[in-house]
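So you can see what is in the structure, the chains are spelled out below.
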Amino acid sequence: MSLSESVLNRLRHQSAHEPEFLQAVQEVLESVEKVLVKRPDLVEAGILDRIVEPEKVLMFRVTWVDDHGKVQVNRGYRVQFNSAIGPYKGGLRFHPSVNLGIIKFLGFEQIFKNSLTGLAMGGGKGGSDFDPKGKSEGEVMRFCQAFMSQLWRHIGPETDVPAGDIGVGGREIGYMYGTYRQITNAFWGALTGKGLTYGGSLGRTEATGYGLCYFTEEMLETRGEMVRGKTVVISGSGNVAIYATEKVHQLGGVVVALSDSNGYIYDPDGIDLQVVKQLKEVERRRIKDYLNYRPRAKYEEGCSGIWNIKCDIALPCATQNELDGQAAQTLVNNKVLAVAEGANMPCTPEAVEIFQKNKVLFGPAKAANAGGVATSGLEMAQNSMKLSWTFEEVDAKLKEIMRNIHKKAREAAKEYADPDDLVAGANIAGFLKVAEAMKAQGITF
Ligand code: NDP
Ligand code: 2IT
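Residues numbered from 1 in each chain as written. Chains lettered and ligands numbered in written order. Predicted model: local features only at pLDDT ≥ 70, side-chain atom pairs only at ≥ 80, totals over all residues. Heavy atoms only, no water.

Details of the overall build of the chain
Piece 1. A tally of regular secondary structure across the chain gives 16 helices and twelve strands.
Piece 2. Expected size for 445 residues packed as a compact globule is a radius of gyration near 22 Å; at 21 Å, the chain falls within 12% of this value.
Piece 3. A sequence separation of at least 24 residues applies to 71% of the contacts in the chain between residues at least 6 apart.
Piece 4. In the structure as shown, the chain presents an accessible area of about 18000 Å², 51% of it carried by carbon and sulfur atoms. (Helix = DSSP H or I, 4+ residues; strand = E, 2+ residues; numbered from the N terminus. Rg over C-alpha atoms; globule rule 2.2 N^0.38 Å. Contact = heavy atoms within 4.5 Å. Areas by Shrake-Rupley, 256 points an atom, 1.4 Å probe, with all protein chains shown as cover.)

Let's talk about helix 5 (residues 100-116)
Piece 1. With 17 residues, helix 5 extends 25 Å from end C-alpha to end C-alpha; this agrees with the ideal 24 Å at 1.5 Å per step.
Piece 2. Among the 17 residues in helix 5, 16 count as buried, and that is most of the element.
Piece 3. Of the residues flanking the start of helix 5, the one acting as N-cap is N99, its side-chain oxygen 3.0 Å from the backbone nitrogen of G101.
Piece 4. Just past helix 5, the residue G118 takes up positive phi, approximately 85 degrees. (Expected span 1.5 Å × (residues − 1). Buried < 20%, exposed > 50% of the residue type's maximum accessible area, 1.4 Å probe, protein only. Polar contact = N/O pair within 3.5 Å; in protein donor to acceptor, adjacent residues only side chain to side chain.)

Considerations on the sheet that holds strand 8 (residues 263-266)
Piece 1. Ordered by their spatial adjacency, seven strands build an open sheet running 9-8-7-6-10-11-12, and the pairing between neighbours is mixed. In the strand order of this sheet, the two ends are held by strand 9 (298-301) and strand 12 (361-363), each with one partner. Pairwise comparison of adjacent strand axes, ignoring direction, gives a mean angle of 15 degrees for this sheet.
Piece 2. By the bridge criterion, three bridges tie strand 7 (residues 254-259) to strand 8 in an arrangement that is antiparallel. Residue pairing in the sheet places A257 in a bridge with Y266 of strand 8. (Pairing = 2+ DSSP bridges. Axes fitted to C-alpha atoms, helices over the stretch in contact; angles between N-to-C directions.)

Thoughts on the site of ligand 1
Piece 1. In the vicinity of ligand 1 there are 26 residues, among which D165, T208, S261, R286 and N344 approach most closely.
Piece 2. Between ligand 1 and D165, the relevant distance is 2.7 Å, taken from an oxygen atom to a side-chain nitrogen or oxygen of the residue.
Piece 3. For ligand 1, an oxygen atom lies 3.5 Å from a polar atom in the backbone of G342.
Piece 4. Expressed as a share of its isolated accessible area of 890 Å², the protein-covered part of ligand 1 is 84%.
Piece 5. When contributions to the shell around ligand 1 are tallied by element, the ones reaching two or more residues are helix 8 (204-221) and helix 9 (239-250).
Piece 6. The residue inventory of the shell around ligand 1, partitioned by class, reads six nonpolar, 13 polar and seven charged. (Near = heavy atom within 4 Å. Nonpolar A, V, L, I, M, F, W, Y, C, P; charged D, E, K, R; others polar.)

Remarks on the pattern of salt bridges
Piece 1. Going through the model one piece at a time under the given rule, you end up with 29 salt bridges.
Piece 2. The partner of E137 in a salt bridge is R171, and the shortest N-O contact between them spans 2.9 Å. Here the residue E137 occupies a position in helix 6 (residues 137-151), and R171 occupies one in helix 7 (residues 170-184), the gap between them amounting to 34 residues.
Piece 3. A relative accessible area of 42% places E137 in the partly exposed class.
Piece 4. For R171, a relative accessible area of 18% gives the class buried.
Piece 5. Across the salt bridge formed by E379 and K194, the nearest N and O atoms sit 2.8 Å from each other. Within this pair, whereas E379 is found in helix 14 (residues 371-385), its partner K194 is found in the loop between helix 7 and helix 8, the two being separated by 185 residues in sequence.
Piece 6. With relative accessibility at 5%, the residue K194 sits in the buried group.
Piece 7. The network of salt bridges with common partners includes R39, D41, E436 and K439. (Salt bridge = Lys/Arg side-chain N within 4 Å of Asp/Glu carboxyl O.)

Thoughts on the packing of aromatic side chains
Piece 1. Tallying each qualifying case throughout the model produces 17 aromatic pairs.
Piece 2. For the ring pair Y177 and Y198, a centre distance of 5.7 Å and an interplane angle of 25 degrees mean the geometry is stacked. In this pair, Y177 sits in helix 7 while Y198 sits in the loop between helix 7 and helix 8, placing the two residues 21 residues apart along the sequence.
Piece 3. For Y198, a relative accessible area of 21% puts it in the partly exposed group.
Piece 4. An aromatic cluster is built from F60, W64, F94, F130, F143 and F147, whose rings are joined through pairwise contacts.
Piece 5. K247 extends its terminal NZ or CZ atom over the ring of Y210, reaching a point 4.4 Å from the ring centre.
Piece 6. Sitting over the face of the ring of W389, K397 holds its NZ or CZ atom 4.5 Å from the ring centroid. (Phe/Tyr/Trp six-rings, centres within 6.5 Å; stacked < 30°, edge-to-face > 60°. Lys NZ or Arg CZ within 6 Å of the ring centre and 35° of its normal.)

Remarks on the sheet that holds strand 2 (residues 71-82)
Piece 1. Pairing in this open sheet of five strands is mixed, and the strands run 1-2-4-3-5 from one edge to the other. Of all the strands in the sheet, the pair left with one neighbour each is strand 1 (56-65) and strand 5 (160-163). Pairs of neighbouring strands in the sheet enclose a mean axial angle of 20 degrees, with direction left out of account.

A short note on the state of the cysteines
Piece 1. In the structure shown here, the tally under the stated rule is zero disulfides.
Piece 2. Here C213 is not cross-linked by a disulfide; its sulfur's nearest cysteine counterpart is in C317, at 8.0 Å. (Disulfide = S-S within 2.5 Å.)

Points about the packing of helix 1 (residues 3-14) against helix 2 (residues 19-38)
Piece 1. One can describe the packing of helix 1 onto helix 2 by two numbers: an axis separation of 9 Å at closest approach and a directional angle of 165 degrees. Put simply, helix 1 runs roughly antiparallel to helix 2. Our pair here, helix 1 against helix 2, has a crossing hand that is right-handed. Residues L3, S4, V7, L8, L11 and R12 of helix 1 lie in contact with helix 2, whose contacting residues are F21, L22, V25, Q26, L29, E33 and L36.
Piece 2. Residues belonging to the contact of helix 1 with helix 2 are distributed by class as follows: nine nonpolar, two polar and two charged. (Parallel < 35°, antiparallel > 145°, perpendicular 65-115°, else oblique. Left-handed = near helix turned anticlockwise from the far one by under 90°.)

Things to note about the site of ligand 2
Piece 1. Inspection of the region around ligand 2 gives 14 residues, with K89, K113, D165, R204 and S376 positioned closest.
Piece 2. In the environment of ligand 2, a nitrogen atom lies 2.9 Å from a nitrogen or oxygen atom belonging to the side chain of D165.
Piece 3. At the level of secondary structure, the elements contributing two or more residues to the shell around ligand 2 comprise strand 3 (88-94), helix 5 and helix 14.
Piece 4. Its residues assigned to classes, the shell around ligand 2 comprises two nonpolar, seven polar and five charged.

Topic: the nonpolar core
Piece 1. If you look at the biggest cluster of nonpolar residues, it comprises 93 residues, and the most contacted ones within it are F108, I234, L315 and F431.
Piece 2. For this core, the element with the highest residue contribution is helix 16 (residues 422-440), accounting for eleven residues.
Piece 3. Every residue in contact with L315, bar those within four places of it in the chain, is listed here: L212, T216, V232, V233, I234, S235, A244, V248, W307 and A340.
Piece 4. Of all hydrophobic cores here, the second largest spans 24 residues; its members include I306, V336, V339 and V423. (Core = buried A, V, L, I, M, F, W, Y, C linked by side-chain atoms within 4.5 Å.)

Function cannot be inferred from these measures alone, as they are strictly geometric.
Right, here's the structure in full:
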């Protein structure tokens, strides 16, 4: 049995109830197998056994009072996975599906994603099973305050720097930062994704979606193609989906579909993004309401049908395992050219295999959606220097970072696998930097 297999077997036993975590680990371990054959020093340093185990797992009670005066209890998490190359960094997810296994999978992925950005950020992730849907402003604020009143002692600008993810955007970061500042009596960049009036970076809101499109352009270029003139389907209609749509349109492509967890809209004339922004960012309504503004558009219940729409480029930007083998086969039958993951692990392993077998350009999440956390890294840099860069400066740096990530992943893929296998390339390039750092720092944790 190979080392990867034996580590995986142990985890299957210990973490049997964490399927998403096992899925994420299996993919990375399969990719780095070939590297370890050439690097007995990393094996000897126990890197594989160490890297799959979080440095620290925090679980805490979050108690708050709803609008009816009833006491509510949620569970809070922060998984501080790996700090070999920098302070823990990664988002907070508020969604009823959150459990320890989900946060561990996200924290594990974050280690390699952050490494690929080239910035000094370790991997971490957190969140809660709190469901922001249907809650009042006051309830969201009180929950965020209660959450941060527990988390604050574990984070800090040189220790752990959380940000947003599903269910956590500018509003929630604002409430959490207010509480953090109140308790610590300090104005530190201990969160990213902050508002522009209190230390946020221009371009952070747009960064994940824009970065995804820059990465897609890099992939397309290897086949002499570009986004211009292409039909694009994007799942989700949150932060990542909205700004991916904006950039596709700026690059001359046409986005024809978006979704939420209830269903999807199809607008053959191209999505009117102003309508979507108003519905989702301002009024917090359902994507179905798009039809009130664009009667020629169509709405279908259920989110998986979105992949039946014929497109040249598919950008899954909602959640994990939202695109399965069957959906992948449909996309292939419809001659999809490129698929890039805006969400974390949105494609199942079967889907990824189908794309790769059929030579579809495939951009894995760790590489393709790293623009968000990279720009969080730029926010941290600006906070440390106590200055702000212009939107154009941040965007130029983001573009350069995405180009470099694509280059690094391709080079590693060329060295150890097939040059088009960016899954292996991203995993290997991300892993090597962290593994070298762990080895160099001796047998610590
Ligand atoms: P948002 O909360 O802004 O939007 C999430 C979108 O996905 C919504 O449209 C939501 O629909 C949909 N969605 C969420 N959960 C499910 C589900 N279980 N089934 C179907 N649809 C679902 O989150 P983000 O846009 O920030 O995040 C989207 C993805 O991108 C996540 O995987 C996240 O981890 C990843 N990501 C985010 C980054 C960021 O900077 N924000 C950076 C890198 C990756 P509904 O409103 O109905 O729930
Ligand atoms: O998955 C991710 O990379 C994020 N949610 C962004 C994390 C961050 O720290 O900006």
